[in-house]
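So the chains spell out like this:
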Protein chains: 2
Amino acid sequence: MHSRSYGAIGVAEICERAGVRKGSFYHFFDSKQALTVAALRATWAAERIRWVETLDLDPGVSGLERLMAQQVDSQRDAQRIGGSVTGCLYGNLALETGAEEPALRDCLREIFDDQTEMVRGSLITAASTGDIPRERATPATARAVIAQLEGAVLFAKLYDDPATLDDLWPQLSGLLTASGLETHSSAGARTD
Amino acid sequence: MHSRSYGAIGVAEICERAGVRKGSFYHFFDSKQALTVAALRATWAAERIRWVETLDLDPGVSGLERLMAQQVDSQRDAQRIGGSVTGCLYGNLALETGAEEPALRDCLREIFDDQTEMVRGSLITAASTGDIPRERATPATARAVIAQLEGAVLFAKLYDDPATLDDLWPQLSGLLTASGLETHSSAGARTD
């Protein structure tokens, strides 16, 4: 599901690849959705360990920079080993998932909430050491960091070019230290 | 294809919904990919007019703010009218598309290149009037603006909540004015 879409892969194909019968599949999982949720939880549980290590090793801004460098490396590795940039498994599934698959959607929400909370921890440390302004250490900024990562990885996948990610940290670095523009209240109003 | 995945929809279903026979479909389009490319080009051609109007009406930062407000409104409208946040059609397809559909991928690259170039025009104006620092008016920053939009819309879709987009402009406003962090050269190095 990392390189092809969730919707395009059926239980029959999963069973064939895994060398199991459909009957056996349904003995363990109610549906493709249930298998995917189990796989996602396992993937994030493993990946989460590295996130914790990285952010704890180096609390604050440098840990975040290191975490982002790891994300970029993993896209580079995917291209070197598998031949193409695969993007973010969670992001890919998030854009495919709707209300018709609530368990999968809830699982993805939990993963992104968890990531956001971890980034927020680093922001709080960074603010306490004066590396970023105190008003930037918010849940909203943490969410924006993950959003920038997801958007940048989307482009790396679309252009099949990990080099597009070279600019990720400079841009995030801007996002974290920003003072912001003067407000233009009229333009921000609803436009229709 | 806005609310369900590209991979999950077949030509048979498209024909049934449109009330045409498969033979007729293949008279006009070689494949689902060819239909999708034609539909995307038409959608962006129409949407592009609004982008141009918005950015030309108000060159620089306010036009950008207005453009982003329109994007947020369109997600709000999708939820009000269709019952759920549908996300960005181009972003949804970008995460589903790979090397096996080169025409679709090229079409999406062109659309995002076009959007990036338009945003860059506004950044250049904004820098010339002193609203943003001159060093922020780059193609990379324009790309980061679109990446931030795509990432934020991904979350609006996943959480089915347009209110998550209320923070988009404040975050972008930061991204555009940012001075950036002190560099931590060791952390940015390849980590494995």
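Residues numbered from 1 in each chain as written. Chains lettered and ligands numbered in written order. Predicted model: local features only at pLDDT ≥ 70, side-chain atom pairs only at ≥ 80, totals over all residues. Heavy atoms only, no water.

### Remarks on the relation of the copies chain A and chain B
- Under the fitted operation, chain A is carried onto chain B by 0.0 Å of movement along the axis and a turn of 180 degrees, and the coordinates agree to an RMSD of 0.0 Å. Each copy turns onto its partner about a two-fold axis.
- The share of interface residues of chain A whose copies in chain B are also at the interface is 100%, consistent with both copies meeting through the same surface. (Least-squares fit on C-alpha atoms with pLDDT ≥ 70 in both. Contact = heavy atoms within 4.5 Å.)

### Some points on the environment of Pro59(B)
- Within the fold, Pro59(B) resides in the loop between α3 (32-57) and α4 (61-82).
- By relative accessible area, which is 49% here, Pro59(B) ends up partly exposed. (Helix = DSSP H or I, 4+ residues; strand = E, 2+ residues; numbered from the N terminus. Buried < 20%, exposed > 50% of the residue type's maximum accessible area, 1.4 Å probe, protein only.)

### Examining the pattern of salt bridges
All names here are of chain A.
- Taken as a whole and judged by the stated rule, the model has 15 salt bridges over all chains.
- A salt bridge links Arg41 to Glu110; the nearest nitrogen and oxygen atoms lie 3.2 Å apart. Placement of the pair is Arg41 in helix α3 (residues 32-57) and Glu110 in helix α6 (residues 102-128), with a sequence separation of 69 residues.
- Its relative accessible area of 42% is what places Arg41 among the partly exposed residues.
- Judged by its relative accessible area of 44%, Glu110 is partly exposed.
- Asp114 is the salt-bridge partner of Arg48, the closest N and O atoms lying 2.6 Å from each other. Of this pair, Arg48 sits in helix α3 while Asp114 is found in helix α6, placing the two residues 66 residues apart along the sequence. (Salt bridge = Lys/Arg side-chain N within 4 Å of Asp/Glu carboxyl O.)

### So, the nonpolar core
- Leu40(A), Phe112(A), Leu40(B) and Phe112(B) are the most contacted members of the largest nonpolar core, which totals 98 residues.
- Setting aside anything within four residues of it in sequence, one finds Phe112(B) in contact with Leu154(A), Phe155(A), Leu158(A), Tyr159(A), Tyr90(B), Gly91(B), Ala94(B), Arg143(B), Ile146(B) and Glu150(B). (Core = buried A, V, L, I, M, F, W, Y, C linked by side-chain atoms within 4.5 Å.)

### A few points about the packing of aromatic side chains
- This model, assessed by the stated rule, comprises ten aromatic pairs over all chains.
- Here the aromatic rings of Trp44(A) and Tyr90(A) are separated by 6.1 Å at their centres, their planes lie at 85 degrees, and the arrangement is edge-to-face. Of this pair, Trp44(A) sits in helix α3 while Tyr90(A) sits in helix α5 (residues 89-96), and the two are 46 residues apart along the sequence.
- Through a chain of ring-to-ring contacts, three or more aromatic side chains come together here, namely Trp44(A), Trp51(A), Tyr90(A), Phe112(A), Phe155(B) and Tyr159(B).
- Lying over the aromatic face of Phe155(B), Arg143(A) brings its terminal NZ or CZ to 4.7 Å of the ring centre. (Phe/Tyr/Trp six-rings, centres within 6.5 Å; stacked < 30°, edge-to-face > 60°. Lys NZ or Arg CZ within 6 Å of the ring centre and 35° of its normal.)

### Looking at α3(A)
All names here are of chain A.
- Over its 26 residues, α3 extends 37 Å from the first C-alpha to the last, a length consistent with the 38 Å expected when each residue adds 1.5 Å.
- Buried residues of α3: Lys32, Gln33, Thr36, Val37, Leu40, Trp44, Trp51, Thr54 and Leu55, and no others.
- Its side-chain oxygen placed 3.3 Å from the backbone nitrogen of Gln33, Ser31 serves as the N-cap of α3. (Expected span 1.5 Å × (residues − 1). Polar contact = N/O pair within 3.5 Å; in protein donor to acceptor, adjacent residues only side chain to side chain.)

### Some words on unusual backbone geometry
- Of note in this structure, Asp160(A) is not a glycine but carries a positive phi near 45 degrees.
- Position of Asp160(A) among the secondary structure elements: in the loop between α7 (139-158) and α8 (168-177).

### Considerations on the environment of Asp167(B)
- Its location among the elements puts Asp167(B) in the loop between α7 (139-158) and α8 (168-177).
- Linking Asp167(B) and Ala152(B), residues 15 residues apart in sequence, is a C-alpha distance of 8.9 Å.

### So, the interface of chain A and chain B
- If you look at the interface, chain A gives 64 residues, while chain B gives 64 residues.
- Between chain A and chain B the total buried area reaches about 5500 Å² when both faces are included, carbon and sulfur atoms providing 57% of it.
- Connecting chain A to chain B are zero salt bridges.
- Here chain A and chain B share 17 residue pairs in polar contact (both at pLDDT 80 or more) between them. (Buried area = accessible area lost by both parts, 1.4 Å probe.)

### Details of the confidence of the model for chain A
Residues and elements named next belong to chain A.
- On average, residues of chain A carry a pLDDT of 87, and 91% of them reach 70 or more.
- Low pLDDT, under 50, characterises residues 184-192; the stretch is placed with 22 contacts to residues that sit more than four places away or in other chains.
- As a predicted assembly, this complex carries a pTM of 0.87 together with an ipTM value of 0.86. (pLDDT = per-residue confidence, 0-100.)

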